[in-house]
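What the coordinates show
Each chain is listed here by its residues.
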Amino acid sequence: MRAKPWGTAKSWLSWKPEAQPHMVMKPVPPTGTPLPPLEKPRLTSTHILRWLAAQQNWDKIHFDQQFCRDVAKLEAPVINGALKQHLIVQFLSDALPGAWPWRVDYQFVGPDYVGEKLRVQGKVTASQALGSRTFVSVQVEIFNTDRAEVTTRGEAVVIVQD
């Protein structure tokens, strides 16, 4: 019988974050603390097409300029919402290393077009210890630096193991 690539339930349950120093969480930042932003390079049509291929999402609003203009009445192809969700999780992972994303709620409040520059930013809004874990709430947003506006807003909760 072949071993499962992810190990056994026992090995997963016995995993210790302190054994991976790059994943050990520093102390939880105090409420109100802004977290280091995640600056993304301009996402090109090639980036978007690769993401769409991975998802098998071929909605024309993400890659067909003529369809966007004539049918969807958009300025240009838009960045995929699932990719923006991924950027939020990447931000949380970079800003709070070793924390486990537990919940991410977000709302798109404006489009981001292919080729625009995005920054994911946020701040700690609350934290609560529960046993050996701390639940940290983070206000998150995606800021479109080309248009100087927030296009996605949300709240995330990550879990920090003490």
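Preceding this paragraph is the structure being described.
As the structure is a prediction and not an experimental result, all values here were calculated from the model. (Residues numbered from 1 in each chain as written. Predicted model: local features only at pLDDT ≥ 70, side-chain atom pairs only at ≥ 80, totals over all residues. Heavy atoms only, no water.)

Below, the discussion takes up the overall build of the protein. Looking only at helices and strands, one finds 4 helices and 5 strands in the protein. The contacts of the protein with a sequence gap of at least 6 include a subset with a gap of at least 24, amounting to 67%. As displayed, the protein offers around 9900 Å² of accessible surface, 57% of which is attributable to carbon and sulfur atoms. (Helix = DSSP H or I, 4+ residues; strand = E, 2+ residues; numbered from the N terminus. Contact = heavy atoms within 4.5 Å. Areas by Shrake-Rupley, 256 points an atom, 1.4 Å probe, with all protein chains shown as cover.)

What follows deals with the pairing of strand 3 (residues 118-130). Bridging between strand 1 (residues 38-40) and strand 3 involves 3 bridges; their strand directions are antiparallel. Looking across to strand 3, one finds that Glu39 is bridged to Arg119. Connecting strand 3 to the antiparallel partner strand 4 (residues 133-144) that follows it, the hairpin turn spans 2 residues, and Gly131 within it adopts a positive phi of roughly 65°. (Pairing = 2+ DSSP bridges.)

Quick look at the environment of Gly98 now. Structurally, the position occupied by Gly98 is in the loop between helix 4 (81-95) and strand 2 (100-108). What makes Gly98 buried here is its relative accessible area of 18%. Each C-alpha atom of the pair Gly98 and Val160 lies 7.1 Å from the other, and the pair is 62 residues apart in sequence. (Buried < 20%, exposed > 50% of the residue type's maximum accessible area, 1.4 Å probe, protein only.)

Before going further, it helps to spend a moment on the pattern of salt bridges. Any two side chains of opposite charge can pair, given that their charged atoms come close. For the structure shown, the criterion picks out 8 salt bridges. Asp70 is the partner of Arg69 in a salt bridge, and the nearest nitrogen-oxygen pair spans 3.6 Å. One salt-bridge network, held together by shared partners, links Lys84, Asp112, Glu116, Arg147 and Glu149. (Salt bridge = Lys/Arg side-chain N within 4 Å of Asp/Glu carboxyl O.)

Together, Leu49, Trp58 and Phe63 give the surface a local cluster of nonpolar side chains, amounting to about 280 Å² of exposed area. Mapped onto the elements, Phe63 comes out in the loop between helix 2 (45-55) and helix 3 (65-70). (Patch = residues over 30% accessible without salt bridge, like charges linked within 9 Å, V, L, I, M, F, W, Y side chains within 5 Å.)

Right, let's talk about the nonpolar core for a bit. Formed by 25 residues in total, the largest nonpolar core has its most connected members in Phe91, Leu92 and Val138. Secondary structure elements with two or more residues in this core: helix 2, helix 4, strand 3, strand 4 and strand 5 (149-161). At 6 residues, helix 4 tops the list of elements feeding residues into this core. (Core = buried A, V, L, I, M, F, W, Y, C linked by side-chain atoms within 4.5 Å.)

In the structure shown here, the tally under the stated rule is 3 aromatic pairs. Measuring from centroid to centroid gives 6.3 Å for Trp58 and Phe63, while their planes differ by 80°, and the two rings are edge-to-face. Looking at Trp58, the relative accessible area reads 43%, which means it is partly exposed. Owing to a relative accessible area of 36%, Phe63 belongs among the partly exposed residues under this scheme. On the numbers, 5.3 Å between centres and 50° between planes, the contact of Tyr106 with Phe108 is tilted. Classification of Tyr106 as partly exposed rests on a relative accessible area of 30%. (Phe/Tyr/Trp six-rings, centres within 6.5 Å; stacked < 30°, edge-to-face > 60°.)

Our focus in this paragraph is helix 4. Under the 1.5 Å per step criterion, the end-to-end length of helix 4 is 21 Å for 15 residues, consistent within 8% with the ideal 21 Å. Along helix 4, the positions that sit buried rather than exposed are Leu83, Lys84, Leu87, Ile88, Phe91, Leu92 and Ala95. Where helix 4 is buried, its residues meet strand 1, helix 2, strand 2, strand 3, strand 4 and strand 5. The distance from a side-chain oxygen at the start of helix 4 to the backbone nitrogen of Ala82 is 2.7 Å, and the residue carrying that oxygen is Asn80. (Expected span 1.5 Å × (residues − 1). Polar contact = N/O pair within 3.5 Å; in protein donor to acceptor, adjacent residues only side chain to side chain.)

Mapped onto the secondary structure, Gln121 falls in strand 3. On the basis of relative accessibility, which here comes to 17%, the residue Gln121 falls in the buried class. Apart from the residues within four sequence positions on either side, Gln121 is in contact with Pro37, Phe91, Gln139, Val140, Glu141 and Phe143.

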